[in-house]
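Residue-level structure breakdown
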Amino acid sequence: MDKVYIVIVNYNTFSDTIECLESLLKSDYGNFQVFVVDNSPNNASIDHLSNWINNDNYAGLHSKFEHLVFPLQVKPISHSIVDEADFAVTDEIHNENIIIIRAKNRGFAAANNIVLNYILQNGEDSSLIWVLNNDTVVEKDTLRNLAEFFQRNEDRRYMAGARLRYYDKPGVIQAVAGNYNIWLGKHTHIGEGEEDSGQYDNYKPGKTDYIVGASLFFPKLFIEEAGLMCEDYFLYFEELDWIKTGAKHGYSVALVPDAVVYHKAGASITRKNGKKDLFTAEYYSITSRVRFIKKWYPYSLITVMMGVTFALIKRLMQGKFSLVKKASIGVARILFTKI
């Protein structure tokens, strides 16, 4: 049974993270270890995670998936809480079930890379890795089904995705994969909004499809050959960039249809004072879009920039002057800086 390293990034949404962890702990695949990287600006999430992981009487957790989350796992759970600086420099091997890392917020890719680098140094050659959004709940057999996909395939050069369904509408598909239009710089989610009646059970992603970043499953070999996530992307497009890099090393994308993940779709957006920080989300949706296109499809920059210009004008008309100013400066820097 290959070991699976699960990597989760938390930013001010400890309730989502705890709900996700409780569902993972109910998995019927036994050989896994969870790393939670906390990018939060204060200790609130660490305090709640510590309280949850040590106490049988943790209160305040609610879930629409009671059968996947409750009863809560018996506590305490074997764990450690470490600072990023100590985690990065030590040669210590962590054998605890859950490792929580206090980190400086340098973006989603950088947070994942803290753990991915550790796995590179200490993981077994046969190890598998699951980069999973914290605003998810998983079926009890999801982890096993993902792992068995690789155990069945002699060629492990895949980035595998799960069947994503909406948390609030569990019978409706969010995505089985994504497709990116390089001329418009926009993506579509395949299957989005459809009632799930098994119509994608045999779906084979095409060459322009990608795995949606809420759930990325791959072998350790992937980071050995394709490297870590590109930290130029603070938020958004890091999975597209990574999959493109993997393709250069012979990796394809695959759907594991019997691996089901319920996703809150947007709950993991960076937050300020308990509310979604839409300014930050919109800024990076624009600038990361330009960064990705310039890097991988520079010949479509003209058409993509037409769309970006329209998006900035639209936000200007909405009175989002600070956003337009900052995004315009960010786009200009990307366009006139060598990648």
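A short tour of the structure in this document, coming up. (Residues numbered from 1 in each chain as written. Predicted model: local features only at pLDDT ≥ 70, side-chain atom pairs only at ≥ 80, totals over all residues. Heavy atoms only, no water.)

A word on the pattern of salt bridges
Note that side chains of opposite charge can pair when their charged atoms are close. Worth spelling out the cut-off: Every case where a carboxyl oxygen of Asp or Glu lies within 4 Å of a side-chain nitrogen of Lys or Arg is listed as a salt bridge. The secondary structure listing takes helices from DSSP runs of H or I that are at least 4 residues long and strands from runs of E that are at least 2 residues long, numbered from the N terminus. Classification of residues uses two cut-offs on accessible area relative to the type maximum, computed with a 1.4 Å probe and protein chains only: under 20% is buried, over 50% is exposed, and between them is partly exposed.
Evaluation of the coordinates by the stated rule reveals 19 salt bridges. For the salt bridge of Asp168 with Lys64, the shortest nitrogen-to-oxygen distance reads 2.9 Å. Highlighted residues: Asp168 in the loop between β7 (158–166) and β8 (173–175) and Lys64 in the loop between α2 (44–54) and α3 (66–69), separated in sequence by 104 residues. Residues Asp168 and Lys64 agree in their burial class; the two are exposed. Of the charged contacts in the structure, one is a salt bridge between Glu282 and Lys320, with a shortest N-O distance of 3.0 Å.

Some remarks on the pairing of β7
Operational definition: Strands pair, by our definition, only if DSSP identifies at least two bridges between them.
Of all 9 residues in β7, 8 are buried; the element is thus mostly enclosed. Pairing of β7 with β8, which is carried by 2 bridges, proceeds in the antiparallel orientation. In the sheet register, Arg165 faces β8, and the bridge partner there is Ile173. Hairpin geometry of β7 and β8 is characterised by an intervening segment of 6 residues between the two adjacent antiparallel strands.

Notes on the pairing of strand β1 (residues 4–10)
Inclusion rule: Crossovers are described as right-handed under a simple rule: with the strands pointing away from the observer, the path leading from the first strand over the helix to the second runs clockwise.
Of all 7 residues making up β1, 7 are buried, and the element is well covered by its neighbours. Side-chain alternation along β1 places Val4, Ile6, Ile8 and Asn10 on one buried face and Tyr5, Val7 and Val9 on a second face that is also buried. For β1 and strand β2 (residues 32–38), the ladder comprises 7 bridges, and the chain directions are parallel. Bridge pairing in β2 places Val9 opposite Val37. In the classification by handedness, the crossover that spans β1, the intervening helix α1 (residues 14–25) and the parallel β2 is right-handed. Judged from the 4 bridges that link them, β1 and strand β5 (residues 128–132) form a sheet pairing that is parallel. Residue pairing in the sheet places Ile6 in a bridge with Trp130 of β5.

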